[in-house]
Structure formats: C-alpha cells, structure tokens
Amino acid sequence: MAKFLDLTGLTQFKNKIQEWAQGLFLTASQKGQPNGVAELDDSGKVPSSQLPSYVDDVLEFDSRSAFPGTGESGKIYVSKNDNKTYRWSGSGYTEISASLALGETSSTAYRGDHGKAAYDHSQLTSGNPHNVTKTDVGLSNVTNDRQMKGLTSGTTQNHVIVFGADGYTPKDSGFTIGASVPANAKFTDTTYAAFNGATGSAAGGAGLVPAPAAADNNKYLRGDGTWGSPTFTVPDEYVTDTELTAKGYQTADQVEEAISEAAPTAISTTEIDALFS
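Please read all numbers here as calculations on a predicted model, not as lab measurements.

## Points about the overall build of the protein chain
Moving on, step 1. A count of helical and extended segments in the protein chain gives six helices and eight strands.
Moving on, step 2. When the elements of the protein chain are put in sequence order from the N terminus, they spell out α-α-β-β-β-β-α-β-β-β-β-α-α-α.
Moving on, step 3. The 277 residues of the protein chain split such that 10% are buried.
Moving on, step 4. For the protein chain, long-range pairs separated by at least 24 residues make up 6% of all intrachain contacts whose partners lie at least 6 apart in sequence.

Written out as structure tokens, the structure reads:
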C-alpha cells in the first residue's frame, strides 16, 4: 500500500529542501567574505587577496635596511640588492636560507669561471706568464751573468775543482795540491830540474838556467852552466887587417906609424920590421 505524507510531514520535507538549496545557491554578500567562499577572477583563478598570506605574500625592498621596523608573520621579505629572503620571527628578520650570492667580498661566493682560470694559471711550471722583471722582485741591481752551479755530488777534501764544458759547472778533478800555490805559479804536466852544465868528458842536460847576478848583463851563459865573458883566440895566419880593425885591434902598419910619430929619430924601419918578424 502506498504511503503519503500528512501536512506535518510535507512541511518538514519542504524545510529540508530549502536548507539544501541554500547550501547550493550563495548570496552575493557571502562571496569573498569570512565564512563565505572565495571568488574567481577573469582567468578562473582565486585572487591573491583571498589567499593566505604565506602562499603569495612576497614583499620586495631595495635593501635589508628598508624593511619595516616590525614585520608580519607568514610573509616573505626580499632584499633586492643581494637577493636574500627573510621571514619575521616575531622579534626580528631571519634569513630563510643561506643564499648563495656571487661576488668578490668576504660574504660572497667567487665566480666558478674565475676560480678555474686562477687554478689553471697556478699549474703553469714554465715561462713567465706575468712577465715579471728583476725590478718587480727587487733584483734590479743583479746582473744577468752566469752563476756558478753547485756540485751535483760532493768532492773529496783537498781535491782541485775544475769547470765543465759549459764554462761554469764545477766538477771534482781528482787532483790534489800538496802545498800552497804561489801567486805566479803556472800549472803544467812538465816539471823541470836545474840546468846541468857540460864538462870536458860529459854532456849536459836541459833544465832551468841559473839566475844571472847583478852586473852579469853583458855575460853569456857558458856550456858548463855558468855566466862568463867571451874570449877570442885568433890564429895569426887567418887574421886579416880588416878583421883586426873590426875587432878593435891595430895592424902592423898602424903600430909602425904610431911609433914613427912618437919617436921618429929613435927607431928605424928596419928595427920595426925586426920587432914583428
């Protein structure tokens, strides 16, 4: 059997329908209001003014010093000069995260490309990439002469040092010097003994000649190793008047003439001839 609502039941059903309809159809006063509903803009999106502040409330200022003295919770504050972001903690501004800022100060990160260039440059092991001069490093008074190198290995005590083919690399010669070397000493592989003079029966030997004494400047070194004056023995049969005159001697004619001039009456020509016969 079918069931029907009486007047009371219909009234209650009507009220329920109205309540449900009111939930579907809002009045204009409920749009964008507390306990109402959010509106949509021309693009079909909820306007930022009807969104919670922590969703879209980002405030930009030229610098950190331009922030309001007292901030608001749920808002983000941006400092445009360094691109850092802050929030209001209730007592002050706190940076949201340690932002990475590029620059060349103690509070910024250095550019990666500059850092790589500096590293690559530090690995150079040859040349002069900075074109540094002696003056730049305080060596303007230093000449460009070759400097003697150190020995590649040690040397034996008292050994003589010599230079290699390049003219400035020292080497251990292996030779020693037994005594102090005089200032005028000359190094040679040959040694000399004293000059050995000859005798009537023995030959002499090569060596250092004896030093001449004072006033020996007109003397000659003799074969016996002494300094002496020359002597001459002139055989009569081989000496001519010209040779005698050249040696400083007088000829017989010159002697005769000198005697005649000295005592012309004291001696005759015959007597003179007898003197030289």
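## Section: the side chain of Ser79
Moving on, step 1. Position of Ser79 relative to the elements: it lies in strand β2 (residues 76-79).
Moving on, step 2. On the basis of relative accessibility, which here comes to 0%, the residue Ser79 falls in the buried class.
Moving on, step 3. At 2.5 Å, the side chain of Ser79 and the side chain of Asn81 are in polar contact.

## With respect to a nonpolar patch on the surface
Moving on, step 1. On the surface, Val132, Val137, Leu139 and Val142 cluster together into a nonpolar patch covering about 310 Å² of accessible area.
Moving on, step 2. As for its placement among the helices and strands, Val142 is situated in the loop between α3 (112-122) and β5 (159-163).

## Some thoughts on the environment of Tyr110
Moving on, step 1. Within the fold, Tyr110 resides in the loop between β4 (93-95) and α3.
Moving on, step 2. Separated by ten residues in the primary sequence, Tyr110 and Leu100 place their C-alpha atoms 10.0 Å from one another.
Moving on, step 3. If near-sequence neighbours (up to four positions away) are discounted, Tyr110 is found in contact with Leu102, Gly103, Glu104 and Gly115.

## A few points about the sheet that holds β2
Moving on, step 1. Sheet architecture is open: four strands sit in the order β1-β2-β3-β4, paired in mixed fashion. Looking at strand neighbours, the two that pair on one side only are β1 (58-61) and β4, the edges of this open sheet. On average, each strand axis in the sheet is tilted by 35 degrees relative to the strand beside it, whichever way the strands run.

## Description of the nonpolar core
Moving on, step 1. Phe61, Phe67, Tyr77, Tyr86, Trp88 and Tyr93 form the largest nonpolar core, which has six residues in total.
Moving on, step 2. If we ignore the near neighbours within four places in the chain, the residues touching Phe61 are Ala66, Phe67, Pro68, Tyr77, Val78, Ser79 and Lys80.

## Focus on the side chain of Lys75
Moving on, step 1. Along the chain, Lys75 turns up in the loop between β1 and β2.
Moving on, step 2. By relative accessible area, Lys75 is classed as buried at 15%.
Moving on, step 3. Engagement of the side chain of Lys75 in a polar contact is seen with the side chain of Glu72, the distance being 2.8 Å.

## Topic: the pattern of salt bridges
Moving on, step 1. Under the defined criterion, the tally for this structure stands at six salt bridges.
Moving on, step 2. We note a salt bridge from Arg111 to Asp113, for which the minimum N-O separation is 2.4 Å.
Moving on, step 3. Residue class for Arg111 comes out partly exposed when judged on its relative accessible area of 40%.
Moving on, step 4. Of the charged contacts, one joins Asp216 and Lys219 as a salt bridge, the two residues approaching to 3.2 Å between their closest N and O atoms.
Moving on, step 5. Classification of Asp216 as buried rests on a relative accessible area of 14%.

## Topic: unusual backbone geometry
Moving on, step 1. Positive phi outside glycine occurs at Asn83, with the angle close to 60 degrees.
Moving on, step 2. Its location among the elements puts Asn83 in the loop between β2 and β3 (84-88).
Moving on, step 3. For Ala215, which is not glycine, the phi dihedral falls at a positive 70 degrees.
Moving on, step 4. With relative accessibility at 68%, the residue Ala215 sits in the exposed group.

Procedures and definitions
Residues numbered from 1 in each chain as written. Predicted model: local features only at pLDDT ≥ 70, side-chain atom pairs only at ≥ 80, totals over all residues. Heavy atoms only, no water. Helix = DSSP H or I, 4+ residues; strand = E, 2+ residues; numbered from the N terminus. Buried < 20%, exposed > 50% of the residue type's maximum accessible area, 1.4 Å probe, protein only. Contact = heavy atoms within 4.5 Å. Polar contact = N/O pair within 3.5 Å; in protein donor to acceptor, adjacent residues only side chain to side chain. Patch = residues over 30% accessible without salt bridge, like charges linked within 9 Å, V, L, I, M, F, W, Y side chains within 5 Å. Areas by Shrake-Rupley, 256 points an atom, 1.4 Å probe, with all protein chains shown as cover. Salt bridge = Lys/Arg side-chain N within 4 Å of Asp/Glu carboxyl O. Pairing = 2+ DSSP bridges. Axes fitted to C-alpha atoms, helices over the stretch in contact; angles between N-to-C directions. Core = buried A, V, L, I, M, F, W, Y, C linked by side-chain atoms within 4.5 Å.

All we've got here are geometric facts, nothing functional implied.
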